[in-house]
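Examination of the molecular architecture
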Amino acid sequence: MSRRLRRATAVLGLCAVLGGVPVGVPAAAVQLRAEPAPPVVTADQVMPHLYALQRIADGAGGNRAHGTRGYRGSVAYVKAQLDRAGFRTTLHRFTHAGAAGYNLVADWPGGDPGHVLFAGAHLDSVEDGPGINDNGSGAAALLATALEVSKAGLATDRHLRFAWWGAEEQGMVGSTAYVRDLSAAERDRIDVYVNVDMAGTRDIRQWLVVHDDPSAARAFEEYFAARNLPTFEIGVGGSDHVSFGDAGIPVGGFATGIDDCTHEVCDRVENVDPRTETISTNAVISAVWQLIARH
Ligand SMILES: [Zn+2]
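Okay, so let's go over this structure. Here the structure is a predicted model, which is why all the values come from computation and not from measurement.

Reading the values: the criteria
- Residues numbered from 1 in each chain as written.
- Predicted model: local features only at pLDDT ≥ 70, side-chain atom pairs only at ≥ 80, totals over all residues.
- Heavy atoms only, no water.
- Helix = DSSP H or I, 4+ residues; strand = E, 2+ residues; numbered from the N terminus.
- Buried < 20%, exposed > 50% of the residue type's maximum accessible area, 1.4 Å probe, protein only.
- Contact = heavy atoms within 4.5 Å.
- Donors = N, O, S within 2.8 Å, 3.2 Å for Na, K, Ca; no water.
- Tetrahedral: all angles 85-135°; square planar, octahedral: opposite > 155°, others 65-115°.
- Axes fitted to C-alpha atoms, helices over the stretch in contact; angles between N-to-C directions.
- Parallel < 35°, antiparallel > 145°, perpendicular 65-115°, else oblique.
- Left-handed = near helix turned anticlockwise from the far one by under 90°.
- Nonpolar A, V, L, I, M, F, W, Y, C, P; charged D, E, K, R; others polar.
- Phe/Tyr/Trp six-rings, centres within 6.5 Å; stacked < 30°, edge-to-face > 60°.
- Lys NZ or Arg CZ within 6 Å of the ring centre and 35° of its normal.
- Disulfide = S-S within 2.5 Å.
- Polar contact = N/O pair within 3.5 Å; in protein donor to acceptor, adjacent residues only side chain to side chain.

The number of helices and strands found in the protein chain is 10 helices and 8 strands. Counting all 295 residues of the protein chain, 52% fall into the buried class. Taking contacts inside the protein chain between residues at least 6 apart in sequence as the whole, the part at least 24 apart equals 79%.

We now examine the coordination of the zinc ion. Within the protein, the atoms that donate to the zinc ion are His122 (NE2), Asp134 (OD), Asp197 (OD) and Asp197 (OD), at distances of 2.0 to 2.5 Å. Taken together, the 4 donor atoms surrounding the zinc ion define angles of 55 to 152 degrees at the centre, an arrangement classified as irregular. Sequence spacing of the donors to the zinc ion: H-x11-D-x62-D. In this pair, His122 is assigned in strand 3 (residues 112-122) and Asp134 in helix 5 (residues 132-152), connecting sequence segments 12 residues apart. The pair His122 / Asp134 is uniform in exposure class, with both members buried.

Now for the packing of helix 5 against helix 10 (residues 274-291). Viewed as axis vectors pointing N to C, helix 5 and helix 10 meet at an angle of 50 degrees, and their least axial separation amounts to 9 Å. By the criterion of interaxial angle, the relationship of helix 5 to helix 10 is oblique. Here the hand of the crossing between helix 5 and helix 10 comes out right-handed. Note on element contacts: helix 10 touches helix 5 through Glu277, Thr281, Val284, Ile285, Val288 and Trp289, opposite Ser137, Ala140, Ala141, Leu142, Ala144, Thr145, Glu148, Val149 and Ala152. Here the contact of helix 5 with helix 10 is built from residues that sort into 10 nonpolar, 3 polar and 2 charged.

Moving on, we come to the packing of aromatic side chains. Counting across every chain of the model gives 16 aromatic pairs. Where Phe87 meets Trp108, the ring centres are 4.9 Å apart and the plane angle is 50 degrees; that geometry is what we call tilted. Residue Phe87 is located in the loop between helix 4 (69-84) and strand 1 (88-96), and its partner Trp108 is located in strand 2 (residues 99-108); the two are separated by 21 residues in the primary sequence. Comparing Phe87 with Trp108, the two get one shared label, buried. Pairing Tyr178 with Phe244 gives two aromatic rings, centres 6.5 Å apart and planes at 35 degrees, and the pair type is tilted. Residue Tyr178 is found in helix 6 (residues 173-181), and its partner Phe244 is found in helix 9 (residues 241-245); the two are separated by 66 residues along the sequence. Each member of the pair Tyr178 and Phe244 is classed as buried. Joined through ring pairs, the aromatic side chains of Phe118, Trp165, Tyr178, Tyr193 and Phe244 make up one cluster. Looking at Arg227, its charged tip hangs above the ring of Tyr223, at a distance of 3.7 Å from the centre.

Regarding helix 6, the residues found buried are Val173, Gly174, Ser175, Ala177, Tyr178 and Val179. Elements in contact with the buried residues of helix 6: strand 1, strand 2, strand 3, strand 4 (158-165), helix 7 (184-188) and helix 9.

Tallied over the entire structure, the rule returns 1 disulfide. With its sulfur 2.1 Å from that of its partner, Cys261 forms a disulfide with Cys266. On the sign convention where negative is left-handed, the bridge of Cys261 and Cys266, at about -115 degrees about the S-S bond, is left-handed. Look at Cys261 and you get buried, because its relative accessible area is 13%.

The next point concerns the side chain of Asn282. The residue Asn282 is located in helix 10 in this model. A polar contact of 2.7 Å, which involves the side chain of Asn282, links it to the backbone nitrogen of Val41. When near neighbours in sequence (up to four residues on either side) are disregarded, Asn282 contacts Pro39, Val40, Val41 and Tyr223.

To continue, consider the packing of helix 8 (residues 214-226) against helix 10. Remark: helix 8 packs on helix 10, axes separated minimally by 9 Å, with the N-to-C direction vectors making an angle of 135 degrees. One way to sum up the angle between helix 8 and helix 10 is to call them oblique. As for how helix 8 packs across helix 10, the hand of that crossing is right-handed. The residues of helix 10 that touch helix 8, namely those facing Ser215, Ala216, Ala219, Phe220, Glu222, Tyr223 and Phe224, are Ile279, Asn282, Ala283, Val284, Ser286, Ala287, Gln290 and Leu291. Classifying every residue of the contact of helix 8 with helix 10 gives 10 nonpolar, 4 polar and 1 charged.

Following this line, the structure appears as structure tokens:
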């Protein structure tokens, strides 16, 4: 084989591997082409969800707790947006303390059903307040992420599922019921579960990153490190990811931490820092874009 022929063969081989990407494109550009950069949202794409949840609480006696009109209104608000955006939504019903509870589950069509990336946030508040940072903020970050997935028409490798949990404040009741109702085979199909519980804490000191699933921990740590934002490593505890972790499912996620208004009447939309909320949302978007590909 002549030197020139050998080069031609090598080029042909490269083309076959890359599926026809033009020769001479630098490796970094090829990588970008295969995995489009995640979108970046502004506060205007996140905060309106928090104002909506505040209005729902204001119109329902000041809270969005399990078994109340405020909770059902919150579910209706999130579900309507997901339905419009092309998600397949289902309500998973459970009973707690004599009242019907609901988890809202949303599947993005496509992806390998044998390998699920699952992201969740609790949608209920305590009875003492509207729960806009805890956890309207996480619920809004997740909803904004889902709407970006829809807008991008994201083609996923793993199957992508979101959930908004009920009755977390009563002891992670909704997510526990959901995981309990899964078959062993269905649990096995969940590669990783990512949780967001409080995303817009005022005077945030650090993003508390769950370290369990290594790929999820890396996705969040790298996101915050690249922006010189402080993080603190935490274990599995404190919110709905425990329900998944206890079932042997690898988990990840983060929280922005409690503040003086957590579980209080003052946990209103004014208690959420739009900048922190927006950064947190973009961290979720970035992680979903990264984890949805199976490497
Ligand atoms: Zn919470």
